[in-house]
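Below, each chain spelled out in residue letters.
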Amino acid sequence: MFHRFSPTRFARDESGAITVDWVVLTAAMVGLGIGATLTVSGGMADLSQDISDEMTTNALLFETDFSASRLTNGGFEDSTRNSAVGWGGVDIEILAAGVYIPGAGSSMVAELDGWIVGETTVLQQGFTVDGPTSTVVSFTAALRSAVAVPNETDGLLVEVIDRDGNALAQMPVIPNSRNFEEYRMPVRFAEAGEYALRMTEIGTNDTLGAIVDDVVIK
Ligand SMILES: [Ca+2]
Ligand SMILES: [Ca+2]
């Protein structure tokens, strides 16, 4: 509809005002968006640096840095077929990885379902903490070829316990891979003292289970 120009109607016409509103609101939204992006990206940068630092520190420990570990013989290289220096426990079985998984190589590993049917395998090692601290237990685990996948039961319970046997941290691990995968469990110690890492077999007690290597506590 065409209206002849009328100063009165022009004064009442709000369509121009809506355009102005839209421009102002859009500008404000863009401004808010930029502000949010800057805030979030700043936070993301901080966080990714933290993650990067953490991964750099712990990746070294994972691979080779047993000297910085609180545990002895975390790689099980100093072992016989039923004992491992530094470790105690029940029905211990230590053999080369390749015995359990063809092609897995000669690194010695512990199987958390040892030689004897019906024995629950336990591997345990004590260590000292000299004050309140937070740290990480790290290790690798795989499933031996003789256990079919998908595996929903065979694995191990990893715990850090105090002198009274109370668990400070617990993590069940049910591996499903023939490749060693990395696992980590954070643990916080409220005070100095004697503690132990304990790994206990879980699942079908048939001598065939999960295998573990490169156990490190920072
Ligand atoms: Ca090893
Ligand atoms: Ca088993």
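It should be emphasised that the depicted structure is a prediction, and the values quoted were computed from it without experimental measurement.

Conventions we followed
Residues numbered from 1 in each chain as written. Chains lettered and ligands numbered in written order. Predicted model: local features only at pLDDT ≥ 70, side-chain atom pairs only at ≥ 80, totals over all residues. Helix = DSSP H or I, 4+ residues; strand = E, 2+ residues; numbered from the N terminus. Buried ≥ 20, exposed ≤ 12 C-beta atoms within 10 Å, placed from the backbone. Contact = placed C-beta atoms within 7 Å. Pairing = 2+ DSSP bridges. Axes fitted to C-alpha atoms, helices over the stretch in contact; angles between N-to-C directions. Core = buried A, V, L, I, M, F, W, Y, C linked by C-beta atoms within 7 Å.

A.B. asks: Summarise the overall build of the protein chain; cite the residues concerned and give the values.
C.D. replies: When you go through the protein chain residue by residue, the secondary structure sums to 3 helices and 12 strands. Per-residue burial over the protein chain gives 25% buried out of 218 residues. For the protein chain, contacts bridging at least 24 residues in sequence account for 69% of all contacts bridging at least 6.

A.B. asks: Break down the pairing of strand β5 (residues 108–111) for me, with residues and values.
C.D. replies: Note: strand β4 (residues 94–96) against β5, 3 bridges, orientation antiparallel. In the sheet register, L95 faces β5, and the bridge partner there is V109. Bridging between β5 and strand β12 (residues 210–217) involves 2 bridges; their strand directions are antiparallel. Bridge pairing in β12 links A110 to V212.

A.B. asks: Can you break down the sheet that holds strand β8 (residues 155–161) residue by residue, with the values?
C.D. replies: Spatial strand order, β3-β6-β11-β8-β9: 5 strands in an open sheet with antiparallel pairing. The two strands at the open ends of the sheet, each matched to only one other strand, are β3 (88–90) and β9 (167–173). Each strand of the sheet is rotated relative to its neighbour by a mean of 15 degrees, with strand direction disregarded. Bridge count between β3 and strand β6 (residues 122–129): 3 bridges; the pairing is antiparallel.

A.B. asks: Mind laying out the sheet that holds β12, listing which residues take part and the relevant values?
C.D. replies: Reading across the sheet, the 5 strands line up as β4-β5-β12-β7-β10 and stay open at both edges, with antiparallel pairing between neighbours. Looking along the sheet, the strands with just one partner apiece sit at the ends: β4 and β10 (181–189). Between one strand axis and the next, the sheet turns through 40 degrees on average, direction left out of account. Bridge count for strand β7 (residues 133–143) against β12 is 6 bridges, and the pairing is antiparallel. Across the sheet, A141 pairs through a bridge with V212, a residue of β12.

A.B. asks: Describe unusual backbone geometry, naming the residues involved and giving the relevant values.
C.D. replies: With an omega of 0 degrees, the peptide bond running from V149 to P150 counts as cis. Among the secondary structure elements, P150 is positioned in the loop between β7 and β8. Its identity as a non-glycine residue notwithstanding, N73 has a phi of 60 degrees, on the positive side. Following the sequence through the fold, N73 ends up in the loop between α2 (15–63) and β1 (79–80).

A.B. asks: Can you break down the nonpolar core residue by residue, with the values?
C.D. replies: A110, I211 and V212 are the most contacted members of the largest nonpolar core, which has 34 residues in total. Every element with two or more residues in this core is listed here: α3 (97–100), β5, β7, β8, β11 (193–202) and β12. Take this core: its biggest share by element is 6 residues, from β12. With sequence-adjacent residues up to four places away left out, V212 is seen in contact with V109, A110, L112, F139, A141, L156 and M199.

A.B. asks: Tell me about the environment of T121, and please be specific about residues and values.
C.D. replies: Among the secondary structure elements, T121 is positioned in the loop between β5 and β6. For the pair T121 and T200, spaced 79 residues apart in sequence, the C-alpha separation works out to 5.9 Å. Apart from residues lying up to four places away in sequence, T121 is in contact with V90, D91, I92, L112, D113, G114 and E201.

A.B. asks: For the environment of V173, give the residues involved together with the corresponding values.
C.D. replies: Along the polypeptide, V173 turns up in strand β9. When the C-alpha positions of V173 and T153 are compared, they lie 9.3 Å apart, and in sequence the two are 20 residues distant. Ignoring any residue separated from it by four or fewer positions in sequence, one finds V173 in contact with A141, G155, L156, V158, Y183 and A210.

A.B. asks: I'd like a rundown of the environment of T80, residues and numbers included.
C.D. replies: Relative to the elements of secondary structure, T80 occurs in strand β1. Put simply, T80 and M108 are 28 residues apart on the chain and 9.4 Å apart in space, counted from C-alpha to C-alpha.

Nothing here speaks to function; it is all geometry.
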